[in-house]
Amino acid sequence: MAKEGVEKAEETEQMIEKEAGKEPAEGGGGGGSHRLGDAQEMRAVVLAGFGGLNKLRVTRKAMPEPQDGELKIRVKACGLNFIDLMVRQGNIDNPPKTPLVPGFECSGIVEALGDSVKGYEIGDRVMAFVNYNAWAEVVCTPVEFVYKIPDDMSFSEAAAFPMNFVTAYMMLFEVANLREGMSVLVHSAGGGVGQAVAQLCSTVPNVTVFGTASTFKHEAIKGSMTHLFDRNADYVQEVKRISAEGVDIVLDCLCGDNTGKGLSLLKPLGTYILYGSSNMVTGETKSFFSFAKSWWQVEKVNPIKLYEENKVIAGFSLLNLLFKQGRAGLIRGVVDKLTELYNQKKIKPVVDSLWALEEVKEAMQRIHDRGNIGKLILDVEKTPTPLMANDSTETSEAGEEEEDHEGDSENKERMPFIQ
């Protein structure tokens, strides 16, 4: 089957280019695959080593082919998440070896099928989880991590869908058992997961949603929250002023001293869920001080106290659940439920902005600055502005690059396509 898929690759590529309103490429151009001899190449974002933004470059790499049980996807869009920023810094447990291609989710068109793959055809529109390597023109990933997308869902929406909505659904319904009349506190309410949480809460009657976010985001997201607080304010007192008992569910992606605050806000039988630690990221590179401060501020949990107060503390990592703990079948069922909610127009991904692969540094900076409302998307077919293209130039296949000159990135106008 893989051989059949390869033979049809050029036909599929022409279909993709036609869909994008372009003539089929001859001999290579700004995007798509290129041939050097018999080898096909593709553009990909490569992380040469852990550190700052200067470690990212767009390079040409050999195009992968599907192994047994895998699909080859011509990528149209990729999701950019806060975990990608932490990976770039090496701010995760057991970081992989560099150079590597970052990214964990994408959407696109099936271009080839590996042996034993069933249920998919060449030309299917899909979204997928990828264990790294998503930020490229072509990816191969096992069939259990691939899902068909609705006809009216755009590729940018599809790339914004899996990580955020599956995470939100799993925390609310599988871990915390959200039910009618409950209350939820979610941090980073303006981000992709925060907005997914708000939309899913709206599918359950009489759920009260408390959110924290930067003040400048409040006007844009106030309609999705019942109560909205500034991220730097004393939200504990604000919540208790409205609900003296506290809340039923706390969803924390910050960690640090927010862990103790979240536990203090739980009602009896309430659930606190940690699903990130963005407070550890303060500068462009990994900071031991920020890591130590965040660790020191985390309240040391006393199981006896949890028992006495009837409280639950939990953690959730979607990537570990998928790639280390073998729960792909569970996640497929969740994606099916979420797709049905999308078809019923009850949920819809919020896309903040679209960026070319060559603009990945600027996109990452926007996440670091907490400037996004919803999801940032790398649009593989988007043409970068000349200024940004010079920032992320093509280099060797290994992703080696010269250090950025000090001040090169200052005073540059950033011009993403804002939705």
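In this numbering scheme, every chain counts its residues from 1 along its sequence in written order. Note on the predicted model: pLDDT of at least 70 is required for a residue's local features to be given, and 80 or more for side-chain atom pairs to be given and counted; whole-chain, interface and lining totals, by contrast, use all residues. Hydrogen atoms and water are omitted, and side-chain values are computed over all heavy atoms in the structure.

- The protein is annotated in an unreviewed UniProt entry as Enoyl reductase (ER) domain-containing protein from Felis catus.
- UniProt positions are given in the numbering used here, feature names are shortened, and annotations may be inferred rather than shown by experiment. The UniProt entry for the protein carries this comment under Sequence similarities (unreviewed entry): "Belongs to the zinc-containing alcohol dehydrogenase family. Quinone oxidoreductase subfamily."

### Quick word on the overall build of the protein
Right, on to step 1. The secondary structure content of the protein amounts to 15 helices and 17 strands.
Right, on to step 2. We call two residues in contact when some of their heavy atoms are within 4.5 Å. In the protein, the proportion of contacts linking residues at least 24 apart, taken out of those at least 6 apart, comes to 72%. Here a helix means four or more residues in a row that DSSP labels H or I, a strand means two or more in a row labelled E, and each is numbered from the N terminus.

### A look at the environment of Asn91
Right, on to step 1. Among the structural elements, Asn91 can be located in the loop between helix H3 (82-89) and strand E5 (105-113).
Right, on to step 2. A residue is classified by how much of its surface remains accessible, and Asn91, at 8% relative accessible area, is buried.
Right, on to step 3. A polar side-chain atom of Asn91 sits 3.5 Å from a polar atom in the side chain of Gln89. The buried label applies to any residue whose accessible area, calculated with a 1.4 Å probe on protein chains only, is under 20% of its type's maximum; exposed applies above 50%, and partly exposed to all values in between. A 3.5 Å cut-off defines polar contacts: any pair of N or O atoms within that distance qualifies, except that in protein one atom must be a possible hydrogen donor and the other a possible acceptor, and neighbouring residues in sequence count only when both atoms are side-chain atoms.

### Notes on the pattern of salt bridges
Right, on to step 1. Salt-bridge detection follows one rule: a side-chain nitrogen of Lys or Arg within 4 Å of a carboxyl oxygen of Asp or Glu. Counted according to the given criterion, the structure contains 17 salt bridges.
Right, on to step 2. Across the salt bridge formed by Lys267 and Asp248, the nearest N and O atoms sit 3.7 Å from each other. Placement of the pair is Lys267 in strand E13 (residues 266-274) and Asp248 in strand E12 (residues 247-252), with a sequence separation of 19 residues. The pair formed by Lys267 and Asp248 is uniform in burial state, with each residue classed as buried.
Right, on to step 3. Here Asp352 makes a salt bridge to Arg366, at a shortest N to O gap of 2.7 Å. Taken together, the residues span a long stretch of sequence, with Asp352 in strand E15 (residues 351-355) and Arg366 in helix H14 (residues 360-368) at a distance of 14 residues.
Right, on to step 4. We classify Asp352 as buried; its relative accessible area is 5%.
Right, on to step 5. Counted as one network, the salt bridges with shared partners bring together Glu65, Lys72, Arg74 and Glu111.

### Brief notes about helix H9 (residues 258-265)
Right, on to step 1. Within H9, 6 of the 8 residues are buried, which leaves the element mostly enclosed by the surrounding structure.
Right, on to step 2. Among the residues of H9, Asn258, Thr259, Gly260, Gly262, Leu263 and Leu265 are the ones counted as buried.

### Focus: helix H5 (residues 162-175)
Right, on to step 1. A large share of H5 lies buried, amounting to 11 of its 14 residues.
Right, on to step 2. Where H5 is concerned, the buried positions are Pro162, Met163, Asn164, Phe165, Val166, Thr167, Ala168, Tyr169, Met170, Met171 and Leu172.
Right, on to step 3. One or two steps after H5, the chain reaches Asn177, where phi turns positive at roughly 55°.

### Concerning the packing of H5 against helix H13 (residues 328-343)
Right, on to step 1. Interaxial angles span 0 to 180 degrees and are taken between N-to-C directions of axes, which are lines fitted to C-alpha atoms, for helices over the stretch in contact. Where H5 meets H13, the axes come as close as 10 Å, and the angle between the chain directions of the two elements is 100°. As summarised for this structure, H5 and H13 are arranged roughly perpendicular, according to the angle between their axes. Residues Phe165, Val166, Tyr169, Met170 and Glu174 of H5 form the contact with H13, whose own contacting residues are Leu330, Ile331, Val334, Val335, Lys337 and Leu338.
Right, on to step 2. All amino acids are sorted into three groups, where Ala, Val, Leu, Ile, Met, Phe, Trp, Tyr, Cys and Pro are nonpolar, Asp, Glu, Lys and Arg are charged, and the leftover types, Gly among them, are polar. Taken together, the residues of the contact of H5 with H13 sort by class into 9 nonpolar, no polar and 2 charged. Roughly parallel covers angles under 35 degrees, roughly antiparallel covers those over 145, roughly perpendicular covers 65 to 115, and oblique covers all other angles.

### What to know about unusual backbone geometry
Right, on to step 1. Across the junction of Thr98 and Pro99, the peptide omega takes the value 0°, indicating a cis bond.
Right, on to step 2. Along the chain, Pro99 turns up in the loop between H3 and E5.
Right, on to step 3. A positive phi angle, close to 60°, is found at Lys345, a residue other than glycine.
Right, on to step 4. Mapped onto the elements of the fold, Lys345 is located in the loop between H13 and E15.
Right, on to step 5. Phi is positive for Arg370, which is not a glycine, with a value near 55°.
Right, on to step 6. Along the chain, the position of Arg370 falls in the loop between H14 and strand E16 (375-379).

### Details of the sheet that holds E12
Right, on to step 1. At least two bridges found by DSSP between two strands is the condition for calling them paired. With parallel pairing, the 6 strands of this open sheet are ordered in space as E11-E10-E9-E12-E13-E14. Each having just a single partner strand, strand E11 (227-230) and strand E14 (312-315) make up the two edges of the open sheet. Strand-to-strand twist of the sheet, defined as the mean angle between neighbouring strand axes without regard to direction, takes the value 15°.
Right, on to step 2. The strands touched by H9 within the sheet are strand E9 (183-186), E12, E13 and E14, with E13 carrying the most contacts at an inclination of about 155°.

### Some words on the packing of helix H8 (residues 235-242) against H9
The axes of two packed helices give the description: the angle between them and the distance between them.
Right, on to step 1. Here H8 crosses H9 at 10°, and the two axes come no closer than 10 Å. Classed by the angle they form, the pair H8 and H9 counts as roughly parallel. Two secondary-structure elements touch here, H8 through Tyr235, Val236, Val239 and Lys240 and H9 through Asn258, Lys261, Ser264 and Leu265.
Right, on to step 2. Looking at the contact of H8 with H9 residue by residue, the class counts come to 4 nonpolar, 2 polar and 2 charged.

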